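Chain by chain, the residues:
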Amino acid sequence: MRHHELEEAATEMLPAAKDAAGALEIALAPIVKGELALLTVSDLKSLCSKSGLKGFSKYKKAELVSFLKASGIESPPLPVKKLSRAQLEAIVYAILATKGME
């Protein structure tokens, strides 16, 4: 509990820490929340199938993403190995910024 209080106090004193925390949250979003557009067509079709949806086999990637969103299906969290190099770099930079090491 004390660690959490100290972290909050440091965040209040350093506006850059708030920005860094926001950047980290954005960088980690694909892992935590998932992102349909980052999945492959085969993964999207598999998600449709597992969700019990019909009539998706002829759709292209953008149509599959729209179809899943319209059906209320959310993306599963992405495994780290599916992230691009740019996404991984953004995560590392955001972590370093929150630690003041940038």
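Keep in mind it's a predicted model, so treat the numbers as computed, not measured.

This paragraph deals with the pattern of salt bridges. Enumeration according to the criterion identifies 1 salt bridge in this entry. A salt bridge links arginine 85 to glutamate 89; its shortest N-O distance comes to 2.9 Å. A residue pair is termed a helical-turn pair when its members lie 3 or 4 positions apart in one helix, as arginine 85 and glutamate 89 do in helix α5 (residues 85–98) at 4 residues. Accessibility expressed as a relative area gives 66% for arginine 85, which makes it exposed. Classification of glutamate 89 as partly exposed rests on a relative accessible area of 32%.

Within the secondary structure layout, isoleucine 91 lies in helix α5. Owing to a relative accessible area of 9%, isoleucine 91 belongs among the buried residues under this scheme. Note: C-alpha distance between isoleucine 91 and alanine 23 (68 residues apart in sequence) is 8.3 Å. When near neighbours in sequence (up to four residues on either side) are disregarded, isoleucine 91 contacts Leu24, Ala27, Leu28, Ile31 and Leu83.

Reading guide: rules and limits
- Residues numbered from 1 in each chain as written.
- Predicted model: local features only at pLDDT ≥ 70, side-chain atom pairs only at ≥ 80, totals over all residues.
- Heavy atoms only, no water.
- Salt bridge = Lys/Arg side-chain N within 4 Å of Asp/Glu carboxyl O.
- Helix = DSSP H or I, 4+ residues; strand = E, 2+ residues; numbered from the N terminus.
- Buried < 20%, exposed > 50% of the residue type's maximum accessible area, 1.4 Å probe, protein only.
- Contact = heavy atoms within 4.5 Å.

Keep in mind these numbers describe shape, not what the thing actually does.
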